[in-house]
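Chain by chain, the residues:
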Amino acid sequence: MKRRTRWTLGAVLAALLLAVVLWVPPELRGLSFVLRAAGLHGAVVDALARHGTGAFTVTDLSVPTRHGPVRGRLYQPDQRKGRLIVLTSGVHAAGIDEPRLVKLAEDLAMGGRPVLTPEPPDLLRYQITPRLPDVIEDTARWALGPGALAPEGEVDLFGISFSGGLSVVAAGRPALRDKVAAVLSFGGHGELSRVLSFLCTGVQADGVHRRPHDYGVVVILLNVADRLVPPEQVEALRKGVLTFMHASHLTLVDSKQAEAAFAQARAMEATLPEPAATLLHQVNTRDVAALGPRLLPFVKGFAGDPSLSPERSPAPRAPVYLLHGTDDSVIPAIESTLLARALEPYTRVHLRPTPLITHAEMDRRSSALEALKLVHFWSALLGE
């Protein structure tokens, strides 16, 4: 979630939120969390956002998995008020240091929920592989073992972006099916090849045309670069693309550093032979229309493993919460709708499409009613 001051709903929203507190006390936990996450301020809002919060400690640790140890971070409340949440980030080079992930973990921990954030190495490299649900599963199993991280004998699995769908996959595996109490997919997918096809064509599964975000297309390129250029060009192309991705992330924190990194990526383009030079140029110019058709033939091979898609994997028994921005241009909201339909015969599903979110970032203006729907969603999830 990203904090942006433009997400301000005014005095009407404040009055409605206060009414929720007065008439529906169970909603207070969700209201407090949403206010913290959205970064709203004001005398009444600040008091509500602090309700039920407390201090927490942060500890870095190593989590053993079948693919080797991975870095992790534990946010431990001084006054614990619920189960451990295993929270996995989206595809991002910053991993568990990514500011929006840190903010979400802190907001949850302030409310009394311990949070463990694993750092699957493939996410750092922008790779979407079958190792990812393995790491999520192994992290949860480790937390459920000796050490009292999950003394209740159950955990919650929360995942952001592509890790949302992969958390649903992990929750449905035999070793976890009876030990996961709730799952959250925040802007996640139902079927990976369907998302990748959208990113390459701009056509959603429901036939709606939407301009795809260049970020998703570039992630595909990183994963299939070895199938597009000669072997001797792969490393240099990926290095140039990663430089561009780094620059894109810097735009959130330092515009001057971002522009310098973009300039470096453009300079690297001039040093590459063809076809790598053209591919990097299309990345640097965000030319999704040119990149998409070149990548489309490789989508099914890239997304072929069933463990990369919750719709093609065993369903979890735990209730599944699907939160999705209606205008998401990385993973379209139709993905959560289709995933809900696929899961409903097997478990309880809570679907909340909302205009308040773009792609796993709560950064939009909307009506007070939409805000209250979001409060209800988080109240139900945190109250499971």
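Quick summary incoming for the structure in this document. (Residues numbered from 1 in each chain as written. Predicted model: local features only at pLDDT ≥ 70, side-chain atom pairs only at ≥ 80, totals over all residues. Heavy atoms only, no water.)

**Examining the nonpolar core**
Cut-off, in case you're wondering: Take the buried residues of types Ala, Val, Leu, Ile, Met, Phe, Trp, Tyr and Cys, join any two whose side-chain atoms come within 4.5 Å, and each joined set is a nonpolar core. A simple rule labels every residue: compare its accessible area, found with a 1.4 Å probe on the protein chains alone, to the largest value its type can have, and call it buried under 20%, exposed over 50%, or partly exposed in between. Helix and strand assignments follow DSSP, with helices taken as H or I runs no shorter than four residues and strands as E runs no shorter than two, numbered in order from the N terminus. Residues are treated as being in contact if the distance between any of their heavy atoms lies within 4.5 Å.
Ranked by size, the top nonpolar core spans 76 residues in total, and within it Ile128, Leu157 and Val241 carry the most contacts. When residues in this core are grouped by element, the largest group, eight residues, is from helix α9 (residues 214–224). Not counting residues within four places of it along the chain, the set of residues in contact with Leu157 comprises Val86, Ile136, Ala140, Ser167, Ala170, Ala171, Leu176, Val180, Ala182, Val183 and Leu184. Within the second largest apolar cluster, 36 residues are counted, among which are Leu28, Leu31, Tyr321 and Ile357.

**Comments concerning the sheet that holds strand β7 (residues 320–325)**
Selection rule: Any two strands with at least two DSSP-identified bridges between them are counted as paired. Lines are fitted to the C-alpha atoms to define the axes, a helix being fitted only along its stretch in contact, and any angle between axes, read from their N-to-C directions, falls within 0 to 180 degrees.
Across the sheet, eight strands lie side by side as β1-β2-β4-β3-β5-β6-β7-β8; this open sheet has mixed pairing. Two strands bound the open sheet, and with one partner strand each, they are β1 (56–63) and β8 (349–354). Averaged over all pairs of adjacent strands, the angle between strand axes in this sheet comes to 15°, irrespective of strand direction. As paired strands, β1 and strand β2 (residues 70–77) are joined by eight bridges and run antiparallel to one another. What sits directly across from Asp60, in β2, is Arg73. Along the sheet, helix α4 (residues 99–110) contacts β1, β2, β3 (84–88), β4 (115–119) and β5 (155–160); its crossing angle with β2, the most-contacted strand, is approximately 35°. In the packing of helix α16 (residues 368–382) onto the sheet, contacts are made with β5, β6 (180–186), β7 and β8, and the angle to β7 comes to roughly 150°.

**Here's the deal with the environment of Pro319**
One can find Pro319 in the loop between α14 (299–302) and β7. Judged by relative accessible area, Pro319 falls into the buried class, the value being 10%. Considering only alpha carbons, one finds Pro319 and Ala182, 137 residues apart in sequence, at a separation of 5.2 Å. Look past the residues within four positions of Pro319 in its chain and what remains in contact with it is Ala181, Ala182, Val183, Thr347, Arg348 and Glu384.

**Description of helix α7 (residues 162–171)**
An α-helix turns once every 3.6 residues. As a result, residues three or four positions apart point the same way. The element α7 is extensively covered by neighbouring structure, given that ten of its ten residues are classed as buried. Taken as a whole, α7 has its buried residues at Phe162, Ser163, Gly164, Gly165, Leu166, Ser167, Val168, Val169, Ala170 and Ala171.

**Observations regarding unusual backbone geometry**
Look at the link from Glu274 to Pro275: it is a cis peptide, with omega at 5°. Locating Pro275 in the fold gives a position in the loop between α11 (255–269) and α12 (276–284). In this structure, Ser161 is a non-glycine residue whose phi angle is positive, near 60°. Summarising the element assignment, Ser161 is placed in the loop between β5 and α7. Classification of Ser161 by relative accessible area gives buried; the value is 5%.

**Section: helix α10 (residues 231–250)**
Worth spelling out the cut-off: By this rule, a helix spans an expected 1.5 Å times one less than how many residues it contains.
Over its 20 residues, α10 runs 30 Å from end to end, which matches the ideal 28 Å to within 8%, given 1.5 Å per residue. Buried-residue contacts for α10 involve α9, α11 and α12.

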